[in-house]
Each structure stands twice: as C-alpha cells, then as structure tokens.
Amino acid sequence: MKQEKERGDKMKKIFKSIDEHFEEYIMGLFLIAISCIMLIQIFMRLIGASLSWAEELCRYFYLWSVFLSISFTIKKGIVLRVDLLLSKLNVNVQKAIEILLQMINIAVFTFLAFYAVRTVVGVKISLQTSPAMELPMYFVYSIIPISFFLVAIRSIQQIYLVVTNKFVKAEIDFSEAE
C-alpha cells in the first residue's frame, strides 16, 4: 500500500514536471541537437566530407523550437504586450480582461490549428519530401498544428489559474538589462 502511494506521488511529480517544463525540455533538446550537429558539420567540412543533411535538419529543429516557444510564452506569462492601461484597473477587471484575452487565444489558435491540420494533410497527400534528407514534409509541417493546439491548452490552463487565483503575472524589469 505504501509503495503504491509512493509510486503515485512519483508519477504526480513526473507529470507536474512535464506540465511545467515540457516546452523547455523539447526546446533544450533541439538546441543541444543543433549545436552538436553543426559542430560535427564544421568538423566534417574541415576534413573535406560535408554532411548533406546537417543544415536542413538544424533548420527543421530551429523551426520546431520557434513554434514550441509560442506555447512556452503563454505558459510562463511572458507574451509581449503593452499592459500599461491594464495595470491601472482594479484586480477583478484585470482578471476579466486576462480571461477574455486567453479566450481569444483559444479561439484564434484553435482556428489556426484546424487549418494547419488541413494543410498538413494536403502536404501528406502530395507526397512531398525534403531535398537533402528526403523526409516527408508533412512530418516537418506537423509542428504547426501541434504547437497551435498546445497554445490553446496552455491558454485554458491560464484561465484556470486566473479563476483559482493562482495566476502569477511575470514581472520582467528591462531597466536592469544591459
């Protein structure tokens, strides 16, 4: 019985860590992969045996990390926006506006995800492949609907946090940056 509880607690910690850091883990892996692949590519060029696929794969990893960063910014509350007027309003109005903004995010990104899925299906039907690696392009394009659905999920999470008073607005002081 105690082992089952410990296993359950361990699984909760794992799921919580994945929920809190999913995008960071994946983007970190992509950054490490890009760095390693480009380092190998540089070395291979020095010995005269360039890799034909390296730059293409790094480009796709970069593209994937860019799309994943959208949901990362939603999750961390660091979306670029001007909230000078918002900060002057009372807390309840701020919450209502935050919920409205997140609902707009959900609507827009769900709409975009729907059409992104249609685009990916169209690319899959076309049997298009990447030039160097001959990777099916629908695989490359699939990050677009995945990231848009992830943004919608992260926006739903933000609404939950606002409603339950657990929302922590990211405060970034750019005056200290040099």
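Rules used in this analysis
- Residues numbered from 1 in each chain as written.
- Predicted model: local features only at pLDDT ≥ 70, side-chain atom pairs only at ≥ 80, totals over all residues.
- Heavy atoms only, no water.
- Helix = DSSP H or I, 4+ residues; strand = E, 2+ residues; numbered from the N terminus.
- Buried < 20%, exposed > 50% of the residue type's maximum accessible area, 1.4 Å probe, protein only.
- Contact = heavy atoms within 4.5 Å.
- Areas by Shrake-Rupley, 256 points an atom, 1.4 Å probe, with all protein chains shown as cover.
- Salt bridge = Lys/Arg side-chain N within 4 Å of Asp/Glu carboxyl O.
- Core = buried A, V, L, I, M, F, W, Y, C linked by side-chain atoms within 4.5 Å.
- Patch = residues over 30% accessible without salt bridge, like charges linked within 9 Å, V, L, I, M, F, W, Y side chains within 5 Å.
- Disulfide = S-S within 2.5 Å.
- Axes fitted to C-alpha atoms, helices over the stretch in contact; angles between N-to-C directions.
- Parallel < 35°, antiparallel > 145°, perpendicular 65-115°, else oblique.
- Left-handed = near helix turned anticlockwise from the far one by under 90°.
- Nonpolar A, V, L, I, M, F, W, Y, C, P; charged D, E, K, R; others polar.
- Polar contact = N/O pair within 3.5 Å; in protein donor to acceptor, adjacent residues only side chain to side chain.

A. How the structure looks around the overall build of the protein chain. A tally of regular secondary structure across the protein chain gives five helices and zero strands. Mapped in sequence order, the helices and strands of the protein chain form the string α-α-α-α-α. The principal-axis extent of the C-alpha atoms belonging to the protein chain is close to 65 × 45 × 45 Å. Here the protein chain holds 178 residues, and 27% of them are scored as buried. Summarising the internal contacts of the protein chain: among those between residues at least 6 apart in sequence, 72% fall at separations of at least 24. Per element, the accessible surface of the protein chain, about 12600 Å² overall, is 69% carbon and sulfur.

B. Spotlight on the pattern of salt bridges. Evaluation of the coordinates by the stated rule reveals four salt bridges. K76 is the partner of E24 in a salt bridge, and the nearest nitrogen-oxygen pair spans 3.2 Å. Taken as a pair, E24 in helix α1 (residues 2–46) and K76 in helix α2 (residues 54–76) lie far apart in primary sequence, 52 residues in all. Of the charged contacts in the structure, one is a salt bridge between R45 and E55, with a shortest N-O distance of 2.2 Å. Taken together, the positions of R45 in helix α1 and E55 in helix α2 put the pair 10 residues apart, joining distant regions of the chain.

C. Up close: the nonpolar core. Ranked by size, the top nonpolar core spans 22 residues in total, and within it F30, I37, F61, L68, I143 and F148 carry the most contacts. In terms of residue count, the dominant contributor to this core is α2 (nine residues).

D. Region of interest: a nonpolar patch on the surface. A surface patch of nonpolar side chains, amounting to about 720 Å² of accessible area, comprises L100, L101, I104, V108, F111, L112, F114 and Y115. As for its position among the elements, F114 is in helix α3 (residues 91–126). Taking the relative accessible area as the measure of exposure, F114 reaches 47% and is therefore partly exposed.

E. Inspection of the state of the cysteines at higher detail. Tallied over the entire structure, the rule returns zero disulfides. Not part of a disulfide, C36 finds its nearest cysteine sulfur in C58, a span of 9.6 Å.

F. Just unusual backbone geometry, in detail. Of note, the phi angle at E134 is positive, near 55 degrees, even though the residue is not glycine. One can find E134 in the loop between α3 and α4 (137–141). Non-glycine residue N165 carries a positive phi angle of around 60 degrees. You can see N165 is positioned in the segment after α5 (143–163). Look at N165 and you get exposed, because its relative accessible area is 55%.

G. Fine view of the packing of α1 against α5. Where α1 meets α5, the axes come as close as 13 Å, and the angle between the chain directions of the two elements is 135 degrees. Judged by the angle between their axes, α1 and α5 are oblique. Judged by the twist between their axes, the crossing of α1 over α5 is left-handed. Between α1 and α5, the residues in contact are I18, D19, F22 and E23 and L150, R154 and Q157, respectively. Here the contact of α1 with α5 is composed, by residue class, of three nonpolar, one polar and three charged.

H. Fine view of the side chain of Q41. Mapped onto the elements, Q41 comes out in helix α1. A polar atom in the side chain of Q41 sits 2.9 Å from the backbone nitrogen of L51. With near-sequence residues (within four places) excluded, Q41 lies in contact with S50, L51, A54 and E55.

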